[in-house]
Amino acid sequence: MTNNTAHFGRQLSCIVHFATFFALMAFVIGYRVFPYADEWGYVAALDIGSLNDFVHWLFAQHVDHRIPLQKLLQFSLAEYSGFDFRVLVLANLIIAASASLVLAAMAREYRGYQDYGDLIIPLILMSPAAGYSLWAFELQFLSCIVFVSVALFFAGRYAKKRKTADAVWLVFQVFLVAWCGLNGLIFSTVLAGGLGLYWGLGWLKGWGDDRRLLLLLLPILAQDMALWLLWSPSAATAGSPDLISVVSSCFTLLSASMVVFMFTGTLWKSALVAAAVLLAFSGLYIQSRKRTLDFADLFLCLCLVASFVLILSVPLGRGTEAGGLSNGLSMHYSFLTVLVPILSWILISRSFPTRITGPIGIGMVLLFGAAYLSNTHWRHEHMNVIYGRQQTVEAALRRVADIPSLVNEYTLDLTWQSDDNAKRPVVQGLAILRGHGFRIYELAPSVE
């Protein structure tokens, strides 16, 4: 590829990142200000009486997950903003844009130039239907992808420059991702195990600084083991789904990075992603035969394997419906699948000549461009349906003094179920917010 073409590819990537960021930010402006479902837990944390209890709350298991980093960040943002949840979603958007830029930079360093096919990165990560932009609490899934993306970036730098500091930063991301919920713990366990095997073999063969890196990795392996031993399944964890449902769900999730675009034509869309994955592994095999594989190739492959383990865990843990996951659950977990097409493309783009990768890159951009447009249309329609309702609820928060009556009238606007157990934290939370005097939730002065 010529320098001019590579330079233009990099400029085009910046333009698409800029455009998708501000397009998504336009939707966030119309986001609801009040909490929903699990987010009421941040409100309850306002009444924690001691630092010791607050730290315990940070690290305590939430449903199936330990998410102290998310709790600390989102609680701090919520309190600072007066519990205006638009601020939390805007922070999610900034984090997602950062991850997208990191992955694009990693792809550029990995192959030596920015390919047009890399445009799928912002089209996927900043989709208008991305869960983190619809519900602030989905930072759990976003943060998992962010830390893995940063790890990929440092893996690429370490492969090229062989600086120990880059490997240390990579290992640090593997440590952090374990605290992003059970999904992050799966990533951390697979990545730490794979790196341990690689550096362990390197130690035995006398490769460079692999012994020191392996020793650095041992505390993370111990941490992950401890987190697994301390984990207790919640009521949300499914029983034993049948094999057909598991296979069907996993195949469906291959195209979940397209979000609502996957709801029609799922079979052929998942088949295309599966073909890209197979081609990526074929490219790795070709490189291994040529003895051109390096650390970056192996770590990319390891992240792809970890993504498949995570995909498998979804129907095993949540897929209770006969025949596989529902569209709602597929959409909910969709962001956890975004690395599958992205990493497959990055591996393909370096493993094969341009005459092969050129048409594949164009095809992937067209496919995920169509998905982006479909998701944009869906988000517009979604906003048209819920915006007026949000305004009604926001007005009621300042107008209705009787909190139980308010919650009964707007239950499903404030949480996802209508039973007493779901209503209780909402009633308690609204009382806490009014008691702390947050402007959004204060009763408006009576009009004479």
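Use the structure listed above.
Residues numbered from 1 in each chain as written. Predicted model: local features only at pLDDT ≥ 70, side-chain atom pairs only at ≥ 80, totals over all residues. Heavy atoms only, no water.

**Q** I'd like a rundown of the overall build of the chain, residues and numbers included.
**A** A tally of helices and strands in the chain yields 19 helices and zero strands. Taken over the C-alpha trace, the chain has a radius of gyration of 23 Å; the compact-globule value for 448 residues is 22 Å, and the two agree within 12%. Dimensions of the chain along its principal axes, counting C-alpha atoms only, are 80 × 45 × 45 Å. Taking the intrachain contacts of the chain between residues at least 6 apart in sequence as the baseline, contacts between residues at least 24 apart amount to 77%. Looking at the chain as shown, the accessible area adds up to about 19800 Å², and 65% of this sits on carbon and sulfur atoms. Charge-centre separation for the chain: the mean point of 30 positive side chains lies 12 Å from the mean point of 28 negative side chains. (Helix = DSSP H or I, 4+ residues; strand = E, 2+ residues; numbered from the N terminus. Rg over C-alpha atoms; globule rule 2.2 N^0.38 Å. Contact = heavy atoms within 4.5 Å. Areas by Shrake-Rupley, 256 points an atom, 1.4 Å probe, with all protein chains shown as cover. Lys, Arg positive; Asp, Glu negative; His and termini not counted. Charge placed at Lys NZ, Arg CZ, Asp CG, Glu CD.)

**Q** Talk me through the pattern of salt bridges; I want residue IDs and the actual numbers.
**A** Under the criterion given, the structure shown has eight salt bridges. Arg86 is the salt-bridge partner of Asp84, the closest N and O atoms lying 2.6 Å from each other. Exposure remark for Asp84: the relative accessible area of 10% places this residue in the buried category. Note on Arg86: relative accessible area 33%, which makes it partly exposed. Among the salt bridges present, the one from Asp413 reaches Arg389, with a minimum N-O distance of 2.8 Å. Residue Asp413 is located in helix α18 (residues 411-414), and its partner Arg389 is located in helix α16 (residues 354-399); the two are separated by 24 residues in the primary sequence. Take Asp413: its relative accessible area is 19%, and that puts it in the buried class. Connected via shared salt-bridge partners are Asp294, Asp297 and Arg350. (Salt bridge = Lys/Arg side-chain N within 4 Å of Asp/Glu carboxyl O. Buried < 20%, exposed > 50% of the residue type's maximum accessible area, 1.4 Å probe, protein only.)

**Q** Lay out the nonpolar core in plain terms, naming residues and giving numbers.
**A** By size, the foremost hydrophobic cluster in this structure holds 135 residues, and its most contacted members are Phe83, Phe299 and Tyr441. Sort the elements by how many residues they give to this core and helix α7 (residues 139-161) lands first, with 15 residues. Excluding its chain neighbours within four sequence positions, the residues that come into contact with Phe83 are Val33, Tyr42, Val43, Leu46, Phe75, Ala78, Leu433, Phe438, Ile440 and Tyr441. Ranked by size, the runner-up nonpolar core spans five residues in total, among them Ala178, Trp179, Leu185 and Leu227. (Core = buried A, V, L, I, M, F, W, Y, C linked by side-chain atoms within 4.5 Å.)

**Q** An account of unusual backbone geometry is requested, with residue identities and associated values reported.
**A** The backbone phi angle of Ala37 is positive, close to 55°, even though this residue is not glycine. Mapped onto the fold, Ala37 is located in the loop between α1 (3-29) and α2 (40-44). Ala37 gets classed as buried once you look at its relative accessible area, which sits at 12%. Positioned with a positive phi, Phe83 is a non-glycine residue whose angle comes to about 60°. By the secondary structure assignment, Phe83 is in the loop between α4 (68-80) and α5 (85-111).

**Q** Would you mind going over the packing of α7 against helix α8 (residues 164-177) in detail, with residue names and values included?
**A** Interaxial distance between α7 and α8 falls to 8 Å at its minimum, and their mutual angle equals 165°. Looking at the two axes, α7 sits roughly antiparallel to α8. The crossing of α7 and α8 is left-handed. Here Cys144, Phe147, Val148, Val150, Ala151, Phe154, Ala155, Arg157 and Tyr158 of α7 lie close against α8, whose contacting residues are Thr164, Asp166, Ala167, Trp169, Leu170, Gln173, Leu176 and Val177. Looking at the contact of α7 with α8 residue by residue, the class counts come to 13 nonpolar, two polar and two charged. (Axes fitted to C-alpha atoms, helices over the stretch in contact; angles between N-to-C directions. Parallel < 35°, antiparallel > 145°, perpendicular 65-115°, else oblique. Left-handed = near helix turned anticlockwise from the far one by under 90°. Nonpolar A, V, L, I, M, F, W, Y, C, P; charged D, E, K, R; others polar.)

**Q** Please set out a nonpolar patch on the surface residue by residue, giving values where relevant.
**A** Together, Leu51, Val55 and Phe59 give the surface a local cluster of nonpolar side chains, amounting to about 280 Å² of exposed area. Looking at where Leu51 falls in the secondary structure, it is placed in helix α3 (residues 51-59). (Patch = residues over 30% accessible without salt bridge, like charges linked within 9 Å, V, L, I, M, F, W, Y side chains within 5 Å.)

**Q** Before we move on, can you summarise the packing of α5 against α7 with the specific residues and values?
**A** Running from amino to carboxyl end, α5 crosses α7 at an angle of 25°, the nearest separation of the two axes being 9 Å. Taken together, the axes of α5 and α7 lie roughly parallel to each other. Our pair here, α5 against α7, has a crossing hand that is left-handed. For the pair α5 and α7, the contacting residues are Asn92, Ile95, Ala96, Ala99, Val102, Leu103, Ala105, Met106 and Glu109 in the first and Leu139, Leu142, Val146, Ser149, Val150, Leu152, Phe153 and Lys160 in the second. Class assignment for the residues of the contact of α5 with α7 results in 13 nonpolar, two polar and two charged.

**Q** Describe the environment of Val393, and please don't skip the residues or the numbers.
**A** Mapped onto the fold, Val393 is located in helix α16. Residue class for Val393 comes out buried when judged on its relative accessible area of 1%. Placed 17 residues apart in sequence, Val393 and Tyr410 show a C-alpha to C-alpha distance of 7.1 Å. Those residues within four positions of Val393 in sequence are excluded, and the remaining contacts are Phe34, Tyr410, Asp413 and Leu414.

**Q** Describe the environment of Leu443, with residues and values.
**A** Residue position: Leu443 is located in the segment after α19 (420-435). Measuring from C-alpha to C-alpha, the distance between Leu443 and Val400 comes to 7.3 Å, with 43 residues separating the pair along the chain. In contact with Leu443, not counting residues within four places along its chain, are Leu397, Arg398, Arg399, Val400, Ala401 and Arg434.

**Q** Could you give an account of α5, naming the residues involved and the relevant values?
**A** Taking 1.5 Å per residue as the helical rise, α5 with its 27 residues ought to reach 39 Å, and the 40 Å between its terminal C-alpha atoms agrees with that figure. Looking at the residues trailing α5, positive phi occurs at Gly112, about 100°. (Expected span 1.5 Å × (residues − 1).)

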